[in-house]
Amino acid sequence: MNAIPIRLTLLACCALLAACSTSSERTFVHARQMLADGRSEEALANLEQLAQSDAANAEYRKYWLRQREIATDRLLRNAATQAANQKFDEAQASYEAVLRIQRDHPRAVLGLKTLERSRLHAAQLDDAAAAFQKGDAEHARFLTRQVLLEAPRDARARKQLAELDAARNRQDLAPVAMSSAMNKLVNLEFRSAPLLSIFDMLGQSTGINFVFDSDVKLDARATILAHDTPLIDALGVLLSGNGLARRVLNDNSILIYPATPNKMKRLEALNVKTFYLNNIDAKVASGLIKTIARTRDIHIDEKMNSVTIRDTPAAIAVAEKLIAANDIADAEVMLEVEVMEVAREKMNDLGLQFPDTVGLALPLSSDGTQLSLNGLKGVGLRDMPLRVADPALVLRMKSTDGDTNTLANPRIRVKNKEKAKIHIGDRVPVITTTTNPASGSIAESVNYLDVGLKLDVEPQVYDDSEVGIKLSLEVSNIVKEVASKTGLLTYQIGTRTTNTALRLKDGETQILAGLIKRDEIESAQRVPGLGQLPVLGRLFSSQRSQHSKTEIVLLITPRVLRGRELPAAEVSEFASGTEEDVGGDLLRLPKRDARVALPQQGAAPLATPETAVAQPVPGAQQ
């Protein structure tokens, strides 16, 4: 009686377990489907509940942890990318999604804190950019440096500071600002006036301060007529005509000194500039600068491929243009080469082949051994067996006709005027022996001989998209092996070689052929006497003819990948100054409505012995 309730209870428990198992499986499958649909957060929440409710199932827990790791890693990488692109709201949303999936995730918590600092830094950099636009470069530099103190790797701050430093460097190197009084257009009329008077009037009328070296002869007289000319340009002509030089101290101060070698060496300003080269070699660039710009202070860093020079600003400007004109990328060309070895062979072998030899054999004794001399007594020709090769007669009927193409189709990318080599074939070992006469010892050495196809090409790209190619082709093969007296093997090599130079258009295909090797072999086997008969001789002979012809065909097609880049006109041809002053030419004025008259040395003075007028041009830009 008690067994029935127990059985019912067991059945009920089994049914409940089966129902639970079926429900867990459905939940697991549904969560995987949500992951496939991109609903990661909802799917991971269901998987977490499933792993907690069915703690005994290790598969559920393992799958949940793995998918959680994948989802958080994806969100963290997306947040880092958005933060780097200054998209702070999107980055914050990704970090918060990570925290919803896994509470107190350390990387997400740290990312949110870093994000707040990045927002503050971005605001500071915006303020720095606004200050720079208003002309307050020092405050902009201060704000940018504050950001770099907290975040040394901030890419935007580093770039902004580099731009600020470059702007300050350009300002420091610029001899005269555009707003300076030295750029005012003036009218100058001085006739045989003392230099002191000229500079005095220029200073009073323009506000420029002139500082004179102690060796300047201010009592010397000069004459100059200039109309609608910038003061700095007219002053250069005046100083050059009187053996003087200038050094701009600031926007309204100029030092005047004699243009003697000692004074120039002491007072002329020198700058330092480093050129980081991309295409031209540092040694080549150094030789170019030394030859053209005549720079003596120059240093080469072969590891960085850079050149550092120290010279006047004008000479450095010449060096900059020289580097710009020569540091250009080399042209590159793709050579599509197709080499074919076309072999044609025809062979006919037709006729009857008779045995080469016919012989008589000695009979054997009754016990199967050879007969002795006494046993040969009484043996006649009829007793000797006739021996003929088996088969005694062969009808040969063979004819072959074959064409063989061996194809090699390499593609080579080559820089302009650089050599490229292709070898398709084998390296055959050749053993040589060396005998030492003193000790009698023998040493062997192995050398390798290249056999096969060897192709050397050197392209040159021209400006009209044409390509000149120097080409050398060699095709070799082993004809036969030759054994020496000592047993060492040497080889007889058959070689076909061609060298040529051609010029093709981009994409044009050139075919080179004619490297032909021809072999013709005729042979016959005949029965003596009968084989020479006019007609019947064909029945007693076998004719064999073999003709082979091998030809090498080369197809080459150049395709220009990068043409030769020509520099801009302003760097390929420019004024380089004078023999004594590279890059500087104080007598050359800008092309504008400027007119300057400077009498030659020893010429008669102009009309009035001493008249001076220095006036700014009305309406000229300040």
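Bear in mind that the values here come from a model prediction, so they are computed numbers and not experimental data. (Residues numbered from 1 in each chain as written. Predicted model: local features only at pLDDT ≥ 70, side-chain atom pairs only at ≥ 80, totals over all residues. Heavy atoms only, no water.)

**Observations concerning unusual backbone geometry**
Definition in use: Working definition: helices are DSSP H or I runs of at least four residues, strands are E runs of at least two. Numbering for both runs from the N terminus. Remark: exposure states derive from per-residue accessible area (1.4 Å probe, protein chains only) relative to the maximum for the residue type, with buried under 20%, exposed over 50%, and partly exposed in between.
Positive phi, normally seen in glycine, also occurs at Gln 86, with a value near 65 degrees. Take Gln 86: it is sitting in the loop between helix H3 (58-84) and helix H4 (88-101). Unlike most non-glycine residues, Asp 104 shows phi in positive territory, near 60 degrees. Looking at Asp 104, the relative accessible area reads 67%, which means it is exposed.

**Comments concerning the sheet that holds strand E5 (residues 253-258)**
Filter applied, for reference: Paired strands, in this sense, are two strands between which DSSP finds at least two bridges. The convention used is that axes are lines fitted to C-alpha atoms, helices contributing only their stretch in contact, and that angles between N-to-C directions extend from 0 to 180 degrees. Contacts were defined at the residue level, with two residues in contact if any of their heavy atoms lie within 4.5 Å.
Strand order in the open sheet formed by three strands is E2-E5-E4, with mixed pairing between adjacent strands. The strands lining the two open edges of the sheet, one partner per strand, are strand E2 (209-212) and strand E4 (244-250). The sheet shows a mean angle of 25 degrees between the axes of neighbouring strands, direction not considered. Two elements, E2 and E5, share four bridges in a ladder whose sense is parallel. The residue bridging Phe 212 from the neighbouring strand is Ile 256, located in E5. Where helix H8 (residues 195-206) meets the sheet, its contacts fall on E2, E4 and E5, and the angle it forms with E2 comes to roughly 150 degrees. Helix H9 (residues 231-241) rests against E2, E4 and E5 of the sheet, and its axis sits at about 145 degrees to E4.

**What about the pairing of strand E3 (residues 221-230)?**
With respect to burial, E3 is a largely interior element, seven of its ten residues being buried. Bridge analysis of strand E1 (residues 185-194) against E3 gives seven bridges, and the strand direction is antiparallel. In the sheet register, Pro 194 faces E3, and the bridge partner there is Arg 221.

**Some remarks on H8**
How we decide: Here a helix's expected span is defined as the number of its residues, less one, multiplied by 1.5 Å. Here the arc refers to the set of directions running from the helix axis out to each C-beta atom.
In this model H8 runs 16 Å from its N-terminal to its C-terminal C-alpha over twelve residues, within 8% of the 16 Å that 1.5 Å per residue would give. Of the residues making up H8, those classed as buried are Leu 195, Ile 198, Phe 199, Leu 202 and Thr 206. End-on, the buried residues of H8 take up no more than an arc of 90 degrees, which puts them together on one face.

**Quick notes on the packing of helix H2 (residues 40-53) against H3**
So the rule is basically this: Comment on the angle field: the value is read as roughly parallel under 35 degrees, roughly antiparallel over 145, roughly perpendicular from 65 to 115, and oblique elsewhere. Definitions for this section: a left-handed crossing has its near helix turned counterclockwise from the far helix by less than a right angle. A right-handed crossing has that turn clockwise. Think of it as three bins: nonpolar holds Ala, Val, Leu, Ile, Met, Phe, Trp, Tyr, Cys and Pro, charged holds Asp, Glu, Lys and Arg, and polar takes everything else, Gly as well.
Packing of H2 against H3 leaves a shortest axis separation of 9 Å and a crossing angle of 150 degrees. The orientation of H2 with respect to H3, classified from their angle, is roughly antiparallel. Read as a crossing pair, H2 and H3 show a hand that is left-handed. Between H2 and H3, the contacting residues are Ser 40, Leu 44, Leu 47, Glu 48, Leu 50 and Ala 51 on the first element and Tyr 60, Arg 61, Tyr 63, Trp 64, Gln 67, Arg 68, Ala 71 and Arg 74 on the second. Residues of the contact of H2 with H3, tallied by class, amount to eight nonpolar, two polar and four charged.

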